[in-house]
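Structural characterization, general
Chain by chain, the residues run as shown.
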Amino acid sequence: MDALPVTEDPDHDPRSRNEGVMHACGHDTHTAILLGTLQLMKTYQENFAGSIFFYFQPAEETLGGAKLLLETNQIDLNEIGGVAACHVMPDLYGGEIGLKYGAIQAGVDQFTITVEGKGGHGAHPYTTVDPVATAVQIVGQLQYLVSREVSALDSAVVSVCSIHSDGDAFNVIPDRVSMKGTLRALKKETRDHLRKRLSQIAEGVAQTNRASARVELTEGPPPLENDDDWVERTRLSAGRLIGTENVILLESGTMGAEDFAYIRERYPGVFVRIGCRSEGKEFTLIHSGRFRVDRKALSTGMLTLCGIALDYLGVDEQIYL
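We now turn to the structure provided with this report. Computed from a predicted model, the values in this text were never measured in an experiment.

Definitions and limits used
Residues numbered from 1 in each chain as written. Predicted model: local features only at pLDDT ≥ 70, side-chain atom pairs only at ≥ 80, totals over all residues. Heavy atoms only, no water. Axes fitted to C-alpha atoms, helices over the stretch in contact; angles between N-to-C directions. Helix = DSSP H or I, 4+ residues; strand = E, 2+ residues; numbered from the N terminus. Parallel < 35°, antiparallel > 145°, perpendicular 65-115°, else oblique. Left-handed = near helix turned anticlockwise from the far one by under 90°. Contact = heavy atoms within 4.5 Å. Nonpolar A, V, L, I, M, F, W, Y, C, P; charged D, E, K, R; others polar. Polar contact = N/O pair within 3.5 Å; in protein donor to acceptor, adjacent residues only side chain to side chain. Disulfide = S-S within 2.5 Å. Buried < 20%, exposed > 50% of the residue type's maximum accessible area, 1.4 Å probe, protein only. Phe/Tyr/Trp six-rings, centres within 6.5 Å; stacked < 30°, edge-to-face > 60°. Lys NZ or Arg CZ within 6 Å of the ring centre and 35° of its normal. Pairing = 2+ DSSP bridges. Expected span 1.5 Å × (residues − 1). Arc of directions from axis to C-beta.

Let's talk about the packing of helix 5 (residues 228-242) against helix 7 (residues 296-312)
With their axes 8 Å apart at the nearest point, helix 5 and helix 7 run at an angle of 125 degrees to one another. By the criterion of interaxial angle, the relationship of helix 5 to helix 7 is oblique. Pair helix 5 / helix 7 crosses with right-handed handedness. In contact with Trp230, Arg233, Thr234, Ser237, Ala238, Arg240, Leu241 and Ile242 of helix 5, helix 7 contributes Thr300, Leu303, Thr304, Gly307, Ile308, Asp311 and Tyr312. Each residue belonging to the contact of helix 5 with helix 7 can be placed in one class, and the counts come to seven nonpolar, five polar and three charged.

As for the environment of Lys100
Looking at the element boundaries, Lys100 is found in the loop between strand 2 (97-99) and strand 3 (102-105). Considering only alpha carbons, one finds Lys100 and Arg235, 135 residues apart in sequence, at a separation of 9.7 Å. Apart from the residues within four sequence positions on either side, Lys100 is in contact with Asn226, Val231, Leu250, Glu251, Ser252 and Gly253. Of the polar contacts made by the side chain of Lys100, one reaches the backbone oxygen of Ala103; its length is 2.9 Å.

Some details on the state of the cysteines
Inspection of the entire model under this criterion finds zero disulfides. Cys25 takes part in no disulfide bond, and the closest cysteine sulfur, belonging to Cys276, lies 9.3 Å away. The class for Cys25 is buried, based on a relative accessible area of 5%.

Brief notes about the packing of aromatic side chains
Under the definition given, this model contains two aromatic pairs. Taking the ring centre of Trp230 as reference, the NZ or CZ of Arg233 above it sits at 5.9 Å.

What about the sheet that holds strand 1 (residues 83-93)?
Spatial strand order, 1-12-2-11: four strands in an open sheet with mixed pairing. Each edge of the open sheet is held by one strand with a lone partner, namely strand 1 and strand 11 (247-249). Neighbour to neighbour, the strand axes of the sheet diverge by 30 degrees on average, direction disregarded. Pairing of strand 2 with strand 12 (residues 269-277) involves two bridges; the strand directions are antiparallel. The residue of strand 12 that forms the bridge with Gly98 is Arg273.

Here we look at the sheet that holds strand 8 (residues 176-185)
The strand order 6-8-4-9 describes an open sheet built from four strands, whose pairing is antiparallel. The sheet is open, and its two borders are formed by strand 6 (156-165) and strand 9 (212-219), each paired with just one other strand. Within the sheet, the average angular offset between the axes of one strand and its neighbour, ignoring direction, is 20 degrees. Along the sheet, helix 3 (residues 131-149) makes contact with strand 4 (107-116), strand 6 and strand 8, crossing strand 6 at roughly 170 degrees. On top of the sheet, helix 4 (residues 188-208) reaches strand 4, strand 6, strand 8 and strand 9; it is set at about 160 degrees to strand 9, its chief contact.

Things to note about helix 3
In this model helix 3 runs 26 Å from its N-terminal to its C-terminal C-alpha over 19 residues, within 8% of the 27 Å that 1.5 Å per residue would give. Those residues of helix 3 that fall on the buried side of the exposure criterion are Pro131, Thr134, Ala135, Ile138, Val139, Leu142 and Leu145. Down the axis of helix 3, the buried set is contained in an arc of 145 degrees. They therefore lie on one face. The exposed set on the far side of helix 3, more than 90 degrees from its buried face, consists of Val136 and Arg148. Lining the buried residues of helix 3 we find strand 4, strand 6, strand 7 (172-173), strand 8 and helix 4. The N-cap residue of helix 3 is Asp130: its side-chain oxygen and the backbone nitrogen of Val132 are 2.8 Å apart.

Quick notes on the side chain of His27
Note that His27 resides in helix 1 (residues 27-43). Under the relative-accessibility criterion, His27 is labelled buried at 6%. Of the polar contacts made by the side chain of His27, one reaches the side chain of Glu61; its length is 2.9 Å. Setting aside residues up to four positions removed in sequence, His27 forms contacts with Met1, Asp2, Glu60, Glu61 and His87.

A look at the pairing of strand 4
A large share of strand 4 lies buried, amounting to eight of its 10 residues. As paired elements, strand 4 and strand 8 share 10 bridges and run antiparallel to each other. Residue pairing for strand 8: Thr114 is matched across the bridge by Ser178. With eight bridges joining them, strand 4 and strand 9 adopt antiparallel strand pairing. Pairing of Val115 across the sheet is with Ala213, part of strand 9.

Take a look at the structure:
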């Protein structure tokens, strides 16, 4: 589920059987954790009253799969009283989990900026309205958004990740340049400010250079905020099952995005980071061909999710400890 177009390191064992396709973000691990949790909870089925829904959510990488769950008519979502989700994290070691009160993941938007100018010969730039030079200035001005318009105590990212023109010659200034990028923030107010200023800067710089700029925003998921009560209950329940020393309270959120935020907006709940780095092994980032998951992440994830469910359903801990 949710593999990525990444070629896996040939030294990995086991490794992907499909060349150029790899579980480089741990979604195979998440699926295995959920299956294991389901099996374990069946063991205690006679000890609780209530229902547990297990969601194998697709399309997390495109940040839209959670909406599919919210739009389904196969179950009555009004029955749900709380939600929990997990994702592996190479910053923590296998056997550990990470929890954070408040915002743990950023809200994200995608943007496209199209700069329209007037093309011409590269030898006579004065006869043109250069969209390339204008695009470069826009990129430069956008760098001030975070450093000068966002508090140092807040977190935000504005990254231009691709630039393309409608030409491909060394001596022709094109008519048009298109840029794509990402905008991220942990607070809704910061995100709204960045959106507004992104358009103002792009259009203002273009106008100054006699060009025009059009900004298109594709809205992604909101910031993912944990419910403090659920974090505290998870800290206690997980501590009983995996050891309090393995429950790490994270000091800050990350600028990665997570579409579980759509679900968390509707229901109280918690998002848990599952450590996946191996002791004595190199640190490997997600989305890289060398990314790997320590097997301890499987049992740790299962115990953590079971603990959350059993605590919520009021099962006496003496039954399962």
